[in-house]
Amino acid sequence: ETGVTQSPTHLIKTRGQQVTLRCSSQSGHNTVSWYQQALGQGPQFIFQYYREEENGRGNFPPRFSGLQFPNYSSELNVNALELDDSALYLCASSIPGQPDPHFGNGTRLTVT
Amino acid sequence: AQSVTQLGSHVSVSEGALVLLRCNYSSSVPPYLFWYVQYPNQGLQLLLKYTSAATLVKGINGFEAEFKKSETSFHLTKPSAHMSDAAEYFCAVGWAGGTSYGKLTFGQGTILTVHP
């Protein structure tokens, strides 16, 4: 059984640019959640996708958007990057009824 | 609304000593509670979870936690620290049921240092 994989592992972007982060969920998991973990902080819930539809969103602006594909993989898109968007972005997959999601190793985004 | 407070951003213990990491939560409904560990440049690994069964939960690597509803606490303990336990630990709360699975609220984290 493969775990949650995220790509790329590291990324450097300039303020104002756009970025796409990718996540392959664990085999059989049809729900994907994204979290932002700023340096020295706990992860914060961005949003969740279930069956290709957004299923809940945290306190993040609309320039944070996502997609889920029929194979349950997912993308996180961030437009108009700001310096404060620098963080570790974690993807987590789960199945309905499973309280604990399985996390990937994250993508470290640096905005300069 | 849910929230999690981890008391102590840094905890330092000697190898072989008791580890105690504190977590208090607030939740308007019966919660699911979790402890995760994060090693440098890695994701989150689940140590243990409380899902309304036994209040004393045993996890991996010798860790355990006790759910105390009256104190709204879910403290993490390990009788004897090992050097490999040095990492950052996160307490998290989630809701049960409906569309809430997988949406967790995390504490700020506690960095555990283990001295030889």
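Residues numbered from 1 in each chain as written. Chains lettered and ligands numbered in written order. Predicted model: local features only at pLDDT ≥ 70, side-chain atom pairs only at ≥ 80, totals over all residues. Heavy atoms only, no water.

A. Fine view of the overall build of chain A. If you tally the helices and strands in chain A, you get 0 helices and 11 strands. Shown N-terminal to C-terminal, the secondary structure of chain A runs as helices and strands in the order β-β-β-β-β-β-β-β-β-β-β. Taken against the 2.2 N^0.38 rule, which gives 13 Å for 112 residues, the C-alpha radius of gyration of chain A at 13 Å falls within 12% of a compact globule. A principal-axis box enclosing the C-alpha atoms of chain A has dimensions of 40 × 25 × 25 Å. Expressed as a percentage of its 112 residues, the buried residues of chain A come to 50%. If you take every contact in chain A between residues at least 6 apart in sequence, the share linking residues at least 24 apart comes to 53%. When the accessible surface of chain A is totalled, it reaches about 5,200 Å², and 48% of it is carbon and sulfur. (Helix = DSSP H or I, 4+ residues; strand = E, 2+ residues; numbered from the N terminus. Rg over C-alpha atoms; globule rule 2.2 N^0.38 Å. Buried < 20%, exposed > 50% of the residue type's maximum accessible area, 1.4 Å probe, protein only. Contact = heavy atoms within 4.5 Å. Areas by Shrake-Rupley, 256 points an atom, 1.4 Å probe, with all protein chains shown as cover.)

B. Structural context of the interface of chain B and chain A. Contact with chain B, which involves 19 residues of that partner, is made by 23 residues of chain A. Between chain B and chain A the total buried area reaches about 1,700 Å² when both faces are included, carbon and sulfur atoms providing 52% of it. Among the residues chain B hides against chain A, the three largest losses belong to Tyr101, Gly102 and Lys103 of chain B. Together they make up 30% of the total. Where chain B touches chain A, the interface holds 1 salt bridge. The partner of Lys49 of chain B in a salt bridge is Asp100 of chain A, and the shortest N-O contact between them spans 2.7 Å. Between the two partners, chain B and chain A, sit 7 residue pairs in polar contact (both at pLDDT 80 or more). Counting only elements with at least two residues in the side of chain B that touches chain A, the list comes to strand E4 (31-38), strand E5 (44-50) and strand E10 (104-106) of chain B. Class assignment for the residues of the side of chain B that touches chain A results in 9 nonpolar, 8 polar and 2 charged. (Buried area = accessible area lost by both parts, 1.4 Å probe. Salt bridge = Lys/Arg side-chain N within 4 Å of Asp/Glu carboxyl O. Polar contact = N/O pair within 3.5 Å; in protein donor to acceptor, adjacent residues only side chain to side chain. Nonpolar A, V, L, I, M, F, W, Y, C, P; charged D, E, K, R; others polar.)

C. Focus on the sheet that holds strand E7 (residues 64-68) of chain B. All names here are of chain B. Spatially, 5 strands are ordered E1-E3-E8-E7-E6 in an open sheet, and the strand pairing comes out antiparallel. Since the sheet does not close on itself, it has two edges, and those belong to strand E1 (3-7) and strand E6 (56-58), each with one partner. Strand-to-strand twist across the sheet, computed as the mean angle between neighbouring axes with direction ignored, equals 20°. Pairing of E6 with E7, which is carried by 3 bridges, proceeds in the antiparallel orientation. (Pairing = 2+ DSSP bridges. Axes fitted to C-alpha atoms, helices over the stretch in contact; angles between N-to-C directions.)

D. Broad picture of the environment of Phe34 of chain B. Here Phe34 of chain B shows up in strand E4. For Phe34 of chain B, a relative accessible area of 0% gives the class buried. Residues in contact with Phe34 of chain B, not counting those within four places in the same chain, are Pro99 and Asp100 of chain A together with Leu46, Leu48, Lys49, Phe74, Phe90, Cys91, Ala92, Gly94 and Leu104 of chain B.

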